[in-house]
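Each chain, letter by letter, is given below.
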Amino acid sequence: MKEVKNYRWTVCVLVLITLISFVTFVEAQSISSSLGVIPYPSKGQSAQQQSRDEGECYTWAKQQTGIDPVATASAPTKEEGPAVGGGERVQGAARGAVGGLAVGAIAGDAGKGAAIGAVAGTMVGGHRARKNKAAKEQQAEQQKGATLQHFNKAFGVCMEGRGYTVK
């Protein structure tokens, strides 16, 4: 029974230490550093003042742009699931079957030619689907970057208005 109490006490202490470490880490990381912006207090602002200004500018930039950088940065850009997309595999199978049917008719076995063509067409369609999916993901990633850049510009304008040099 005494061992169970000691175990619970140890777990509580470890949880408390972990929580304190996490809070310290979050406090150490400023808003500007998480945005990738570097403000310099050109009018001698204190660290506490800079922290307040960053918080107020974050809120202002969010209101002005309608962008929440936390939500934008954490939004997934990769689609889950197979690269089926817009039916590229089915279209490829149909084209391959028609082509294989023609070749098979000439060779004497239209059914076998159509089946071989359908398999080859499905593979080509799958390749096309993966290629289209990758292009969509790249476009979404570029859009996310442009959105965050727009927010950072508004954040920087606010910080500059409060006497910071921002790079």
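Keep in mind that this is a model prediction, so the values were computed, not measured.

This paragraph deals with the overall build of the protein. Helix and strand counts for the protein come out as 6 helices and 2 strands. Along its sequence from the N terminus, the protein presents helices and strands in the succession α-α-β-α-α-α-α-β. Looking at the protein residue by residue over its 167 residues, the buried ones come to 26%. Pairs at least 24 residues apart make up 76% of the contacts formed inside the protein by residues separated by at least 6 positions. Accessible area for the protein stands at about 11,800 Å²; split by element, carbon and sulfur atoms hold 63% of it.

This next bit is on the confidence of the model for the protein. Taken as a whole, the protein shows an average pLDDT of 75; of its residues, 57% reach a score of 70 or greater. Counted against residues more than four places away or in other chains, residues 21-28, with its pLDDT under 50, gives 0 contacts.

A word on the pattern of salt bridges. Under the criterion given, the structure shown has 3 salt bridges. A salt bridge links R162 to E56; the nearest nitrogen and oxygen atoms lie 2.6 Å apart. With R162 in the loop between α6 (110-161) and β2 (164-166) and E56 in helix α3 (residues 47-65), this pair connects stretches of sequence that are 106 residues apart. We classify R162 as partly exposed; its relative accessible area is 32%. Residue E56 is classed as partly exposed on the basis of its relative accessible area, which comes to 41%. Note that K62 is salt-bridged to D68, the shortest N-O span being 3.8 Å. The class for D68 is partly exposed, based on a relative accessible area of 26%. Because the salt bridges share partners, they merge into one network encompassing D53, E56 and R162.

Now for the packing of aromatic side chains. Following the criterion strictly, the structure yields 1 aromatic pair and no others. Plain terms: the ring middles of Y58 and F151 are 5.4 Å apart, the flat faces sit at 70 degrees to each other, and that makes the pair edge-to-face. Within this pair, whereas Y58 is found in helix α3, its partner F151 is found in helix α6, the two being separated by 93 residues in sequence. Residues Y58 and F151 agree in their burial class; the two are buried.

What counts and what doesn't
Each chain carries its own residue numbering, running from 1 in the direction its sequence is written. Side-chain atom pairs in this predicted model are given and counted only at pLDDT of 80 or more, local residue features only at pLDDT of at least 70, and totals for whole chains, interfaces and linings cover all residues. Just so you know, side-chain values use all the structure's heavy atoms and leave hydrogens and water out. For the purposes of this entry, the term helix denotes a DSSP run of H or I that reaches at least four residues, the term strand denotes a run of E that reaches at least two, and both are numbered from the N terminus. Throughout, exposure labels follow a simple rule: accessible area from a 1.4 Å probe, protein chains only, divided by the maximum for the residue type, with under 20% read as buried, over 50% as exposed, and the rest as partly exposed. Whether two residues touch is decided by their heavy atoms; if any such pair falls within 4.5 Å, the residues are in contact. Here the open area of atoms and residues is found with the Shrake-Rupley method and a 1.4 Å probe, where only the protein chains shown may cover a residue. Per residue, pLDDT measures the predictor's confidence, with a range of 0 to 100. Salt bridges are identified by distance alone: a Lys or Arg side-chain nitrogen within 4 Å of an Asp or Glu carboxyl oxygen. Any Phe, Tyr or Trp ring, taking Trp's six-membered ring, that has another such ring centre within 6.5 Å forms a pair; planes under 30 degrees apart are called stacked, those over 60 apart edge-to-face, and the others tilted.

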